[in-house]
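Read off the chains here:
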Amino acid sequence: MRHENVVAFIGASLSDYAIITEYVKGRNLYQILHHPAGNVEWPLCRRALIEVGACSRRLSGQVCKGLVYLHSRETPIIHRDIKSAKYRLMPPFLTL
């Protein structure tokens, strides 16, 4: 299962009840929206999220593409904990 808007699943541990996924460098959307002092490397995206909304529209489209991919599989995968802390923004996201 590979999609550009979905983190790759690597495996699971039943003894620890853990899911293992690929490492995604970056910050989550919650951190960017709620901790502006820590956003020194993200000024363009933060400004767009708050003032213009271009980043938020782009992010929403990427989230929807990932969810559509998961839901449209032969055996659908349902994400039951959608929130801003779950979405990672990587530096290429800055290119609006």
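Everything in this summary refers to the structure shown in the same document. (Residues numbered from 1 in each chain as written. Predicted model: local features only at pLDDT ≥ 70, side-chain atom pairs only at ≥ 80, totals over all residues. Heavy atoms only, no water.)

**What about the overall build of the protein chain?**
For the protein chain, the helix and strand inventory stands at three helices and four strands. Seen in sequence order, the protein chain has helices and strands lined up from the N terminus as β-β-β-α-α-α-β. Each of the 96 residues in the protein chain was classed as buried or not, and the buried ones make up 27%. Contacts spanning at least 24 positions in sequence make up 54% of the contacts within the protein chain whose residues lie at least 6 apart. Element-wise, carbon and sulfur atoms account for 58% of the exposed surface of the protein chain, whose accessible area totals about 7,000 Å². (Helix = DSSP H or I, 4+ residues; strand = E, 2+ residues; numbered from the N terminus. Buried < 20%, exposed > 50% of the residue type's maximum accessible area, 1.4 Å probe, protein only. Contact = heavy atoms within 4.5 Å. Areas by Shrake-Rupley, 256 points an atom, 1.4 Å probe, with all protein chains shown as cover.)

**Examining the nonpolar core**
Judged by nonpolar contacts, Leu29, Ile32, Leu59, Val63, Leu67, Tyr87 and Leu89 together constitute the single largest core of seven residues. Elements that contribute at least two residues to this core include exactly helix 1 (29-34) and helix 3 (54-71). Ranked by residue count, the leading element in this core is helix 3, at three residues. Apart from the residues within four sequence positions on either side, Leu67 is in contact with His79 and Ile82. (Core = buried A, V, L, I, M, F, W, Y, C linked by side-chain atoms within 4.5 Å.)

**So, the pattern of salt bridges**
On inspection of all chains with the given rule, the structure shows three salt bridges. Among the ionic pairs, Arg2 bridges to Glu22, the shortest N-O distance being 3.9 Å. A residue pair is termed long-range when its members are at least 10 positions apart, and Arg2 in the segment before strand 1 (9-13) and Glu22 in the loop between strand 2 (18-21) and strand 3 (27-28) qualify at 20 residues. A residue is classified by how much of its surface remains accessible, and Arg2, at 59% relative accessible area, is exposed. Accessibility expressed as a relative area gives 30% for Glu22, which makes it partly exposed. Residue Lys83 is joined to Asp81 by a salt bridge in which the shortest nitrogen-to-oxygen separation is 3.8 Å. With a relative accessible area of 42%, Lys83 lands in the partly exposed category. When its relative accessible area of 33% is taken as the criterion, Asp81 is described as partly exposed. (Salt bridge = Lys/Arg side-chain N within 4 Å of Asp/Glu carboxyl O.)

**Regarding a nonpolar patch on the surface**
Among the surface-exposed residues, Met1, Phe9, Ile19 and Ile77 lie close enough to one another that they form a single nonpolar patch of about 410 Å² accessible area. Summarising the element assignment, Ile19 is placed in strand 2. Of the residues examined, Ile19 reaches a relative accessible area of 65% and is grouped as exposed. (Patch = residues over 30% accessible without salt bridge, like charges linked within 9 Å, V, L, I, M, F, W, Y side chains within 5 Å.)

**Some points on the side chain of Asn28**
When you line up the elements, Asn28 lands in strand 3. Asn28 gets classed as buried once you look at its relative accessible area, which sits at 10%. A polar atom in the side chain of Asn28 sits 3.0 Å from the backbone nitrogen of Tyr30. When neighbours within four sequence positions are excluded, Asn28 is seen to be in contact with Ser84, Ala85, Tyr87 and Arg88. (Polar contact = N/O pair within 3.5 Å; in protein donor to acceptor, adjacent residues only side chain to side chain.)

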